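Summary of structural features
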Amino acid sequence: METADLSIGEVARRTGLSVHALRLYEREGLLAGEVRRDEKGRRLYSEWDVEWLANCVKFRSSGMPLATISRLAQLVREGTGNEAERLELLREHQRRIADQLAQLHACLDLINTKVAAYQRHLAIGASGDPW
């Protein structure tokens, strides 16, 4: 992918991460590429960095621990030959999310049942507690 030489402020705007968070991601090894610097020492990011960070935002939103993102980034930085380990990290997180979704669906089923019960109760003007 072409180098875009994006500033930290531009990357913050495009990813929704704060400048502080971007610096933290760099310190914690969460970036899959090395952050380049211009002649004045300012960080320069590429379009690929923005794409990686957008994925990181989604990983974090899904509950992926920073340590897992860091390990994944390290494997990507190391290059080819470790795809099986990358896949296992992603599959493990995929299983966690699937479990969470199953739990949330069970909660939603309960709430839907209770909403329907209260709607019926109110529609017929019943007295007493519909619980």
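Here we summarise the structure given alongside this text. Values in this document were obtained by computation on a predicted structure and should not be read as measured data. (Residues numbered from 1 in each chain as written. Predicted model: local features only at pLDDT ≥ 70, side-chain atom pairs only at ≥ 80, totals over all residues. Heavy atoms only, no water.)

1. So, the overall build of the chain
Counting secondary structure elements, the chain contains five helices and two strands. Across the chain, helices and strands are ordered from the amino to the carboxyl terminus as α-α-β-β-α-α-α. On C-alpha atoms alone, the chain measures out to a radius of gyration of 23 Å, which is more than a quarter above the 14 Å that the 2.2 N^0.38 rule sets for 131 residues. Seen along its three principal axes, the alpha-carbon backbone of the chain occupies a region of about 75 × 35 × 25 Å. (Helix = DSSP H or I, 4+ residues; strand = E, 2+ residues; numbered from the N terminus. Rg over C-alpha atoms; globule rule 2.2 N^0.38 Å.)

2. Things to note about the packing of helix α3 (residues 47-61) against helix α4 (residues 66-78)
Where α3 contacts α4, the two axes come as close as 10 Å, and the packing angle between them is 150°. For the element pair α3 / α4, the angle class is roughly antiparallel. By crossing handedness, the relation of α3 to α4 is classed as right-handed. Within the contact between the two elements, α3 uses W48, W52, C56, F59 and R60 and α4 uses L66, I69, L72, A73 and V76. (Axes fitted to C-alpha atoms, helices over the stretch in contact; angles between N-to-C directions. Parallel < 35°, antiparallel > 145°, perpendicular 65-115°, else oblique. Left-handed = near helix turned anticlockwise from the far one by under 90°. Contact = heavy atoms within 4.5 Å.)

3. Overview of the side chain of H93
Position of H93 among the secondary structure elements: in helix α5 (residues 83-123). Setting aside its immediate chain neighbours within four residues, H93 contacts F59, S62, G63 and M64.

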